[in-house]
Amino acid sequence: MQDNTKITEMETEGGELDAARAVRADFAARSLVGDKAPGYYIQTLGCQQNEADSERLAGLAELMGYRRVCDPNDARLILVNTCAIREHAEARALSFIGEYKHVREEHPDTVIGVGGCMVTQRHRADKLKMSYPYVNFTFDTGALHKLPFLVKQAIEKGSRRFVISDEYDIVEGLPVSRTSKHSAWLPIMYGCNNFCSYCIVPYVRGRERSRREEDILNEAELLIADGAREITLLGQNVNSYGNGAEDSSNIAELMRKICALDGDFRLRFMTSHPKDASDELLRAVAEEEKIVKHFHLPVQSGSDDVLRRMNRKYTSGHYLGIVEKLRALCPDISLTTDIIVGFPGETEEDFEATLELLRRVRYDMIFSFIYSPRKGTPAAEMEGAVPAEVSKERFARLTTLQDEISRERNERFIGRKVRLLAGEVSKNDSNMLTGRGDMARPVHFAGDASLVGSFVNVKITSCGAYNLEGELI
Ligand code: SAH
Ligand code: SF4
Ligand code: F3S
């Protein structure tokens, strides 16, 4: 818990910045600066937390004198930030790592490092050490700040290092190189104490620990001054933010304080665990104008028996109670959730209970996953594995039902004028932009690229299950 979490400033802890400066000085001595500076490339898998971590890795790489490149073949520092949430995520990470072998063959001075949740598991770090000889080092999720040391050693000595430190402190003051100017991640806490029986996260991200409110508010102010129009607070369970901290602020208070900062911006947050969703939080979301009217509340299953075996610590009845309160406070709120299909022992009746929950809640969108056993978690030892064909068939039924509900939910916006943050130019059509607002899905509309990063008013004209279309007003 918070009590024994060490919070340190990067500068004071072991001289990581000195290592970064040494690498930079070495590049400068060899005139590898400006356009000639060696490139870095980061491949990120997994959740928003990993994206936020990668922005810090990028900040450190730039501090060392590397410059961002878009093609791994041009990079002399390649980092893969991995995820372990499902088998598929690990397979993807290994496949990316495999692709970089030829970069090392063509450019022997390329440093390759692998970080993140996958390699914070001993068996995975060992596997990389044995079977991927061109990987220089792994670093666990608590060791981002050690990157300059690891790179310096790899450059100077060509040594290989596959350590898992088990140190999960909070290091403040890491440089950040953000990928989007207008949309910013703001981690408020790290780790998880919930030990849902299927989930690897508590084993690879350590115990729950919250950043100091002061540090978060300072960072939020800097982000806003730097042009952020949308800030997303991140944590595995943001609802328990501040648990055990001395100044004992909570997520609701924290969000209200951020909303009170000057500037035209919107605030998002994820993820909320239903067992800790307080009335105070629901009220803050309903009342604060700057908080986006979208609540992501993962339910996982509609069956109380499955929820108990998942160790989720709530029943479907309790969950529906939260949804009811939220809708009473904020009738138009967009609701989304996560569902796991095929958890060990899930019967047809259990699955029907999930479908029934979907019909009752009427989510705007769901993220659904087929259960994937994770080594070391209690569920991986449970009996009653659901055959793959059964899981797939249930998954398809879930999707069919939800698509119908999503389309109907999206239809409520047709004819409405909405305020959106123009996020990006469409990949398929340079005259089209996508924007995000209170709806769960992005809105597509015709507009000039110069609008990206600003708020626009759009009238919604049509929709499908997966998107909405509109016209600039
Ligand atoms: N901390 C967040 C998100 C965790 S990961 C939360 O509690 O909601 C995101 C989602 O991945 C989870 O909500 C869950 O639906 C899914 N997930 C986690 N472990 C899984 C596993 N072993 N197999 C399939 N899906 C899983
Ligand atoms: Fe995993 Fe549960 Fe923690 Fe979310 S709350 S990260 S699902 S253990
Ligand atoms: Fe994956 Fe780690 Fe996030 S396991 S989902 S990257 S916390």
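The structure displayed is predicted, hence computed values, not measured ones.

Colleague: What am I meant to see in the site of ligand 1 here?
Modeller: As a structural note, the neighbourhood of ligand 1 is formed by 15 residues, with Tyr198, Gln236, Gln300, Asp338 and Ser372 the closest of them. In this structure, a nitrogen atom belonging to ligand 1 sits 2.8 Å away from a main-chain N or O atom of Gln236. A distance of 2.8 Å is found between a nitrogen atom of ligand 1 and a backbone nitrogen or oxygen belonging to Ser372. Starting from 540 Å² of accessible surface for ligand 1 in isolation, the protein chains cover 89%. Listed by contribution, the elements that provide at least two residues to the shell around ligand 1 are β15 (334–341) and β16 (365–370). Here the residues of the shell around ligand 1 sort into seven nonpolar, four polar and four charged.

Colleague: Any chance you could explain the site of ligand 3 here in plain terms?
Modeller: Every residue near ligand 3 is listed here: Cys47, Asn50, Cys83, Ala84, Ile85, Cys117, Val201, Arg205 and Gln236. Grouping the constituent residues of the shell around ligand 3 by class yields six nonpolar, two polar and one charged.

Colleague: Sorry if this is basic, but what is going on with the pattern of salt bridges here?
Modeller: It is possible for side chains bearing opposite charge to pair when their charged atoms get close. Scanning the entire structure with this criterion turns up 38 salt bridges. Here Glu352 ties to Arg397 by a salt bridge, and the two come within 3.2 Å at their closest N and O atoms. Highlighted residues: Glu352 in helix α13 (residues 348–361) and Arg397 in helix α14 (residues 388–411), separated in sequence by 45 residues. Look at Glu352 and you get partly exposed, because its relative accessible area is 33%. What emerges from the salt-bridge pattern is a single network uniting Glu346, Glu348, Glu352, Glu393, Arg394 and Arg397.

Colleague: Which parts of the structure should I look at to understand unusual backbone geometry?
Modeller: Excluding glycine, residues mostly carry a negative phi; peptide bonds, for their part, are mostly trans. That bond from Met270 to Thr271 is cis: its omega, 5 degrees, falls within 30 degrees of zero. Tracing the backbone shows Thr271 in the loop between β13 (266–270) and α10 (279–287). In this model, Ser31 sits at a positive phi of 55 degrees, which is unusual for a non-glycine residue. Following the sequence through the fold, Ser31 ends up in the loop between α1 (16–29) and β2 (39–44). In this model, Gln300 sits at a positive phi of 75 degrees, which is unusual for a non-glycine residue. Within the fold, Gln300 resides in the loop between β14 (294–296) and α11 (304–309). Residue Gln300 is classed as buried on the basis of its relative accessible area of 6%.

Colleague: Any chance you could explain the layout of surface pockets here in plain terms?
Modeller: Empty pockets left among the atoms are what a rolling probe the size of a water molecule brings to light. Volume-wise, the second largest pocket comes out at about 540 Å³. Every residue lining the second largest pocket is counted, 28 residues in all, and those nearest its centre are Arg56, Val171, Leu174, Arg211 and Glu219. A class-by-class count of the residues in the lining of the second largest pocket yields 10 nonpolar, six polar and 12 charged.

Colleague: Help me understand the pairing of β16 in this model?
Modeller: Remember that side chains alternate between the two faces of the sheet whenever the strand is regular. When β15 meets β16, the two strands line up parallel, connected through six bridges. Residue Ile339 lies in a different strand from β16, and its bridge partner there is Ser368. Once the chain exits β15 it traverses α13 before rejoining the sheet at β16, and the crossover so formed is right-handed.

Colleague: In this structure, what is going on with the packing of α1 against helix α6 (residues 147–157)? I would like to understand it.
Modeller: The axes of two packed helices give the description: the angle between them and the distance between them. Direction vectors running N to C along α1 and α6 enclose 40 degrees, while the axes themselves pass 8 Å from each other. It follows from the interaxial angle that α1 and α6 lie oblique. For α1 against α6, the interelement crossing comes out left-handed. Across the interface between the two elements, Glu16, Ala19, Ala20, Ala22, Val23, Asp26 and Phe27 from α1 touch Pro148, Phe149, Lys152 and Ile155 from α6. Considering only residue class, the contact of α1 with α6 consists of eight nonpolar, no polar and three charged.

Colleague: How should I be thinking about the packing of helix α9 (residues 251–259) against α10 in this particular structure?
Modeller: Where α9 contacts α10, the axes come no closer than 8 Å and their chain directions differ by 20 degrees. Between α9 and α10, the crossing angle belongs to the class labelled roughly parallel. Crossing angle aside, the handedness with which α9 passes α10 is left-handed. On α10, the residues that touch Ile251, Ala252, Glu253, Met255 and Arg256 of α9 are Glu280, Leu281, Arg283, Ala284, Val285 and Glu287. Taken together, the residues that form the contact of α9 with α10 break down as six nonpolar, no polar and five charged.

Colleague: Is there a simple way to explain the nonpolar core in this structure?
Modeller: General note: in soluble globular proteins, nonpolar side chains tend to be found buried as a group. Formed by 65 residues in total, the largest nonpolar core has its most connected members in Ile231, Leu233, Ile258 and Phe295. Not counting chain neighbours up to four residues away, the residues in contact with Leu233 comprise Leu186, Ile188, Val238, Ile251, Met255, Ile258, Leu267, Arg268, Phe269 and Met270. In terms of nonpolar packing, the next biggest core, distinct from the first, is built from 27 residues, Ala93, Tyr100, Leu128 and Phe162 among them.

Colleague: Even after reading the chapter, I still don't get the environment of Gly173, so can you show me in this structure?
Modeller: Within the secondary structure, Gly173 is located in the loop between β8 (170–172) and β9 (183–187). For Gly173, the residues in contact, after removing those within four places along its chain, are Glu9 and Met10.

Colleague: What is the right way to read α10 from this model?
Modeller: Structurally, the α-helix is built with 3.6 residues per turn, so residues lying three or four positions apart point the same way. Looking only at α10, the buried set comprises Leu281, Leu282, Ala284, Val285 and Ala286. Where α10 is buried, its residues contact α9, β13, β14 and α12 (316–329).

Colleague: Explain the side chain of Asp403 to me, please; I cannot follow it from the model alone.
Modeller: Tracing the backbone through its elements, the reader meets Asp403 in helix α14. The charged side chain of Asp403 is buried without a salt bridge, its nearest counter-charge being Arg441 at 6.0 Å.

The rules we used
Residues numbered from 1 in each chain as written. Chains lettered and ligands numbered in written order. Predicted model: local features only at pLDDT ≥ 70, side-chain atom pairs only at ≥ 80, totals over all residues. Heavy atoms only, no water. Near = heavy atom within 4 Å. Polar contact = N/O pair within 3.5 Å; in protein donor to acceptor, adjacent residues only side chain to side chain. Areas by Shrake-Rupley, 256 points an atom, 1.4 Å probe, with all protein chains shown as cover. Helix = DSSP H or I, 4+ residues; strand = E, 2+ residues; numbered from the N terminus. Nonpolar A, V, L, I, M, F, W, Y, C, P; charged D, E, K, R; others polar. Salt bridge = Lys/Arg side-chain N within 4 Å of Asp/Glu carboxyl O. Buried < 20%, exposed > 50% of the residue type's maximum accessible area, 1.4 Å probe, protein only. 1 Å grid on protein atoms, 1.4 Å probe; cavity = no way out; pocket = protein on both sides within 12 Å on 5 of 7 lines; lining within 4 Å. Points joined across faces, edges and corners; volume = space filled by probe spheres on them. Pairing = 2+ DSSP bridges. Right-handed = clockwise from strand over helix to strand, strands pointing away. Axes fitted to C-alpha atoms, helices over the stretch in contact; angles between N-to-C directions. Parallel < 35°, antiparallel > 145°, perpendicular 65-115°, else oblique. Left-handed = near helix turned anticlockwise from the far one by under 90°. Contact = heavy atoms within 4.5 Å. Core = buried A, V, L, I, M, F, W, Y, C linked by side-chain atoms within 4.5 Å. Lys, Arg positive; Asp, Glu negative; His and termini not counted.

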